[in-house]
Amino acid sequence: MSIDNAPRLDGAGDLYPGPDETPAVASPVEESVPAPKPSRSKAPLWRLLLRDRMATVAAAILVFVFLVAVFGPWLVGDAATDQNLDQSNLAPFHVANGWMNILGTDPLGRSMLARLIVACRTTLLVALPAVALSCIVGSLVGMWAGYHRGWRETTAMRVADVIMSFPSLLMAVVVLYVFSPSAANIVLVLAITRIPIYLRTARAESAELQSRLFVDAARTFGARSGAVIRRHVFPILLPTLLTVATLDFCYVMLAESSLSFLGIGIQPPDISWGLMVSQGRTYLQTAWWLSFFPGLAIVITTVSATVLAAWARIATDPAQRWRLTVPRSRRSRLFPTRKVVS
């Protein structure tokens with residue numbers, strides 16, 4: 001070996017290869033080791049949703065309802081208000097009457113399909129703002145009261161107790177009877193009556209979280225109460241609040257339908273599913289479809305929202321999310337059913 005190719009000493013006194021020598025290369029066995037696969041419990045929510053058939057169907061139905069509410073009235077045009085007394089109370093499922101009258105007509109000859117589509121937008125325009133308003137106000141007040149405790153918590157809880165002492169539907173009936181029944185008043189009344197649900201939930205969760213170690217660490221480093229609530233408390237509360245809001249959406253939609261059925265909800269010429277049920281109750285023996293189809297729309301939408309809320313509660317809970325990754329064939333072995341011996 002020549003002097004130029006001999007190993008040399010580096011600055012630390014260790015040998016390093018000469019110019020003609022190649023450094024050591026990792027063996028092919030080490031390069032072929034596959035990278036660890038991510039845990040199935042960390043899969044995206046949409047993949048977990050597709051694994052549950054009932055939740056997937058419920059989500060598809062709700063998406064369809066929202067699309068109908070957004071684009072449906074634009075597609076049907078004036079078919080929901082056009083009257084034709086020659087086609088009064090046509091029976092459904094007769095193609096000869098035209099596709100617009102596939103679900104029949106009302107006593108004034110208006111298309112039931114078009115009226116269902118237009119009523120879908122009105123129903124959602126009442127339910128969604130009421131749920132959003134009550135959720136935002138109740139959650140903010142509840143987190144603020146539960147985090148600070150003391151007189152803030154006492155005051156917030158007493159206000160919630162006063163609101164809950166009156167039956168929500170009865171309060172809505174009284175207020176709408178005194179004031180003019182309109183969509184804005186219905187949203188405001190239903191939102192006020194549902195605020196205690198979110199306030200009590202957020203207060204209980206934030207009161208428990210404010211004593212956790214990560215919250216104490218944030219306060220130790222000088223974080224203000226608003227920053228702690230926004231960055232540490234709210235992200236943990238969000239899954240629970242979304243689940244409660246989804247279930248509350250069903251209640252608000254049924255409450256609006258009940259008020260419209262009683263005649264103090266949505267007023268003509270506006271129309272909602274509940275108002276359609278109310279208008280068709282006098283024709284149940286001769287024209288059953290006037291109340292059946294809007295009632296069916298209410299039932300399908302509320303059941304879909306309930307199923308999706310039950311799935312979302314498990315999917316957003318890190319301690320329960322693994323249940324959605326277990327195949328159905330293995331669930332019976334992991335959770336065997338017990339036989340009751342008489």
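The structure presented is a predicted model; accordingly, all values stated were derived computationally and were not measured.

Caption draft 1: Broad picture of the overall build of the protein. On a plain count of helices and strands, the protein comes out with 12 helices and 2 strands. Walking the protein from its N terminus toward its C terminus, one meets helices and strands in the order β-β-α-α-α-α-α-α-α-α-α-α-α-α. Residues classed as buried in the protein amount to 38% of the 342 residues present. Only carbon and sulfur atoms are counted for the fraction: they give 66% of the accessible area of the protein, which is about 20,600 Å².

Caption draft 2: Spotlight on the pattern of salt bridges. This model, assessed by the stated rule, comprises 9 salt bridges. Here Asp161 makes a salt bridge to Arg158, at a shortest N to O gap of 2.8 Å. Pair noted here: Asp161 and Arg158 are both in helix α5 (residues 150-164), with a separation of 3 residues, about one helical turn. According to the relative accessible area criterion, Asp161 is partly exposed, its value standing at 29%. On the accessibility criterion, Arg158 (45% relative accessible area) is partly exposed. In the salt-bridge network here, residues are joined through shared partners; they are Asp106, Arg110 and Arg115.

Caption draft 3: Spotlight on unusual backbone geometry. Residue Pro269 is reached from Pro268 by a cis peptide bond, and omega for that bond is 10 degrees. By secondary structure assignment, the location of Pro269 is in the loop between α9 (225-262) and α10 (273-280). The backbone phi angle of Asn89 is positive, close to 55 degrees, even though this residue is not glycine. Overall, the relative accessible area of 27% leaves Asn89 in the partly exposed class. Even without glycine at this site, Phe93 takes up a positive phi of about 65 degrees. For Phe93, the position within the fold is in the loop between α3 (53-76) and α4 (112-148). According to the relative accessible area criterion, Phe93 is exposed, its value standing at 54%.

Caption draft 4: How the structure looks around the nonpolar core. Of all hydrophobic cores here, the largest spans 69 residues; its most connected members are Trp273 and Trp311. Among the elements that line this core, the one with the most residues is α4, at 14 residues. Residues within four places of Trp311 in sequence aside, it is in contact with Leu45, Leu48, Leu49, Asp52, Ala55 and Leu324. Ala145, Ala156, Ile195 and Leu199 belong to the second largest nonpolar core, which has 6 residues in total.

Caption draft 5: Region of the structure containing the UniProt feature "transmembrane region" (unreviewed entry) in the protein. The positions UniProt marks with the feature "transmembrane region" (unreviewed entry) are residues 55-76, 124-147, 233-254 and 287-312. Across residues 287-312, the secondary structure splits into 92% helix and 0% strand, with the terminal C-alpha atoms separated by 39 Å.

Caption draft 6: Geometry of a nonpolar patch on the surface. On the surface, Val63, Leu67, Val70, Phe71, Trp74 and Leu75 cluster together to form a nonpolar patch covering roughly 690 Å² of accessible area. Tracing the backbone shows Trp74 in helix α3.

Rules used throughout
Residues numbered from 1 in each chain as written. Predicted model: local features only at pLDDT ≥ 70, side-chain atom pairs only at ≥ 80, totals over all residues. Heavy atoms only, no water. Helix = DSSP H or I, 4+ residues; strand = E, 2+ residues; numbered from the N terminus. Buried < 20%, exposed > 50% of the residue type's maximum accessible area, 1.4 Å probe, protein only. Areas by Shrake-Rupley, 256 points an atom, 1.4 Å probe, with all protein chains shown as cover. Salt bridge = Lys/Arg side-chain N within 4 Å of Asp/Glu carboxyl O. Core = buried A, V, L, I, M, F, W, Y, C linked by side-chain atoms within 4.5 Å. Contact = heavy atoms within 4.5 Å. UniProt positions renumbered as here; feature names shortened; annotations may be inferred. Patch = residues over 30% accessible without salt bridge, like charges linked within 9 Å, V, L, I, M, F, W, Y side chains within 5 Å.

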